[in-house]
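# Survey of secondary and tertiary structure
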Amino acid sequence: MTRSRLVPLVALVAAALAGSAAVAAPSPAPVSVEPAPGPHGIIDVEHLMEDVDCDNAQLTGPAATSTNHLTGAEPISLDVLVLVDVAQGARIAATRNPKQRAAAERALFDTVKKSLVVGRDSYEPLAIDLAYDRFALLQPLVGGKPRERTDNAEEIIALAKQQYGGARPAGIDVVYVVTDIDIQVPGIGNAVAGLADCIGGVALPDRAFAVGETGVLTGDEGIAIGPVAFYKDLTAKIAAHEIGHLMGGHHHYQECGTAAPTAAGRGEPGPCTLMTNAVDFQTLPFSTVNSVVVRGHAEAWAAQND
């Protein structure tokens, strides 16, 4: 995912509505021992998620889709393991008192879960329960010392795989990393806000991984401008979107216009569906085509892991 170029526009609109024309004086570049936090907006880079293995994993033909959710299909649980990659992770992991460490982990995981649960609304109409029930820290310590953190999205996914021996754990459909870092991909830069390892990756235990930024832990989520809010529920949307890629969803199956009522009801600019490549216009529902593709992938692959 890459950040939207509309972010500066949002800032300008906010300044105009506030009647402010002040220009901040330049300040020295901050000194940091780890990558900076993000995010602001997203535009996915779909070609990064496609290779030979991924192409072979994607369902094709009639088996790629299902309209069972329209006829009262049995619910399918899509079990997600959430790995949390945040600045305080190493400090929490190094806490000597087991009870204190467990309490700190639980408080962190509860905060992250609250930021994700709205994304379940994208999957509920497909009779898919996006189950955010398993959490862990992403390799916070190495040899008892804080791990050197990376902002490379592909390296973060590799760390997640390494933590579980190269493949998702038993009973898990997809592994998703939530990070407070402003991630980047070599050759594209830090315009990236999320990345799935493989479109259709739910079919492959070693490719069912994704990463996305969070604005909740960095205080960078939801920019209110008058009656609407840009980047509302950004953490949940990025996660639901990247998991949507793992479930076979594509940008070119998106719709714009059909989600307008949902966007209006939520007080966000909308009106495009979840798999649009610009968060400025993104809201929660899947498009018609992505709905039948995601449901089809869930029936073929997620159900096997229940």
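Remember, predicted model here, so these are calculated numbers, not experimental data.

Parameters at a glance
Residues numbered from 1 in each chain as written. Predicted model: local features only at pLDDT ≥ 70, side-chain atom pairs only at ≥ 80, totals over all residues. Heavy atoms only, no water. Helix = DSSP H or I, 4+ residues; strand = E, 2+ residues; numbered from the N terminus. Buried < 20%, exposed > 50% of the residue type's maximum accessible area, 1.4 Å probe, protein only. Contact = heavy atoms within 4.5 Å. Areas by Shrake-Rupley, 256 points an atom, 1.4 Å probe, with all protein chains shown as cover. pLDDT = per-residue confidence, 0-100. Polar contact = N/O pair within 3.5 Å; in protein donor to acceptor, adjacent residues only side chain to side chain. Salt bridge = Lys/Arg side-chain N within 4 Å of Asp/Glu carboxyl O. Disulfide = S-S within 2.5 Å. Pairing = 2+ DSSP bridges. Core = buried A, V, L, I, M, F, W, Y, C linked by side-chain atoms within 4.5 Å. Axes fitted to C-alpha atoms, helices over the stretch in contact; angles between N-to-C directions.

Quick look at the overall build of the chain now. Counting its secondary structure elements, the chain contains 9 helices and 9 strands. Expressed as a percentage of the 306 residues in the chain, the buried residues total 51%. Here the analysis covers contacts within the chain between residues at least 6 apart in sequence; of these, 79% occur between residues at least 24 apart. Accessible area of the chain: about 13,400 Å², with a carbon and sulfur share of 56%.

Summing up the model confidence of the chain, the mean pLDDT is 81 and the portion of residues at 70 or higher is 76%. Ignoring residues within four places in sequence, the model shows residues 2–40, a span with pLDDT below 50, making 75 contacts including any to other chains.

Quick look at the side chain of Glu268 now. Mapped onto the elements of the fold, Glu268 is located in the loop between helix H8 (260–266) and helix H9 (288–300). Only 2.3 Å separates the side chain of Glu268 from the side chain of Thr283, close enough to count as a polar contact.

We now examine the pattern of salt bridges. Side chains that carry opposite charge are capable of pairing whenever their charged atoms lie near each other. Under the counting rule described, the total for this entry stands at 12 salt bridges. The salt bridge involving Arg149 is made with Asp85; its shortest N-O contact spans 3.3 Å. Residue Arg149 is found in the loop between strand E4 (145–146) and helix H6 (153–163), and its partner Asp85 is found in strand E1 (residues 76–85); the two are separated by 64 residues along the sequence. Given a relative accessible area of 13%, Arg149 falls into the buried group. For Asp85, a relative accessible area of 3% corresponds to the buried category.

In this section: the state of the cysteines. Counted by the stated rule, this structure contains 1 disulfide. Covalently, Cys256 is tied to Cys272 through a disulfide, its sulfur atoms 1.9 Å apart. Residues Cys256 and Cys272 share a disulfide whose torsion about the S-S bond is about 105°; that sign makes it right-handed. Placement of Cys256 in the loop between helix H7 (234–246) and H8 and of Cys272 in the loop between H8 and H9 is noted, with a sequence separation of 16 residues between them. Judged by relative accessible area, Cys272 falls into the buried class, the value being 6%.

A few words on the pairing of E1. With 9 of 10 residues buried, E1 lies mostly within the body of the structure. By the bridge criterion, 9 bridges tie E1 to strand E2 (residues 128–137) in an arrangement that is parallel. Counted as the bridge partner of Leu81 is Arg134 from E2. Two strands pair when backbone bridges link them, and E1 and strand E5 (residues 174–179) are joined in this way by 6 bridges, in the parallel orientation. The partner of Asp85 across the bridge, within E5, is Thr179.

A separate point is unusual backbone geometry. Of note, the phi angle at Ala127 is positive, near 60°, even though the residue is not glycine. As for its placement among the helices and strands, Ala127 is situated in the loop between helix H5 (120–123) and E2. Take Ala127: its relative accessible area is 15%, and that puts it in the buried class.

The next thing to look at is the nonpolar core. Judged by nonpolar contacts, the single largest core of 63 residues is most densely connected at Val82, Val84, Tyr123, Tyr132 and Ile243. Residues contacting Val82, with those up to four places away along its chain left out, are Val112, Leu116, Tyr132, Arg134, Phe135, Ala136, Tyr176 and Val178.

Bringing H6 into the picture now. Among the residues of H6, those classed as buried are Ala153, Ile156, Ile157, Leu159, Ala160 and Lys161. Taking the backbone nitrogen of Glu154 as reference, a side-chain oxygen 2.9 Å away marks Asn152 as the first, capping residue of H6. Following H6 by one or two positions, Gly165 has its phi on the positive side, about 70°.

The next point concerns the environment of His252. Relative to the elements of secondary structure, His252 occurs in the loop between H7 and H8. Separated by 23 residues in sequence, His252 and Met275 place their C-alpha atoms 8.3 Å apart.

It is worth spelling out the sheet that holds strand E7 (residues 209–213) at this point. Spatially, the 5 strands line up as an open sheet ordered E2-E1-E5-E7-E6, and their pairing is mixed. In this open sheet, the two strands that pair with only one neighbour each are E2 and strand E6 (194–196). Looking at each pair of strands side by side, their axes are set apart by 25° on average, direction ignored. Relative to E7, E6 runs antiparallel, the two being bridged by 3 bridges. Across the sheet, Leu195 pairs through a bridge with Val211, a residue of E7. Taken strand by strand, H6 contacts E1, E2, E5, E6 and E7, and its axis lies near 130° from that of E7.

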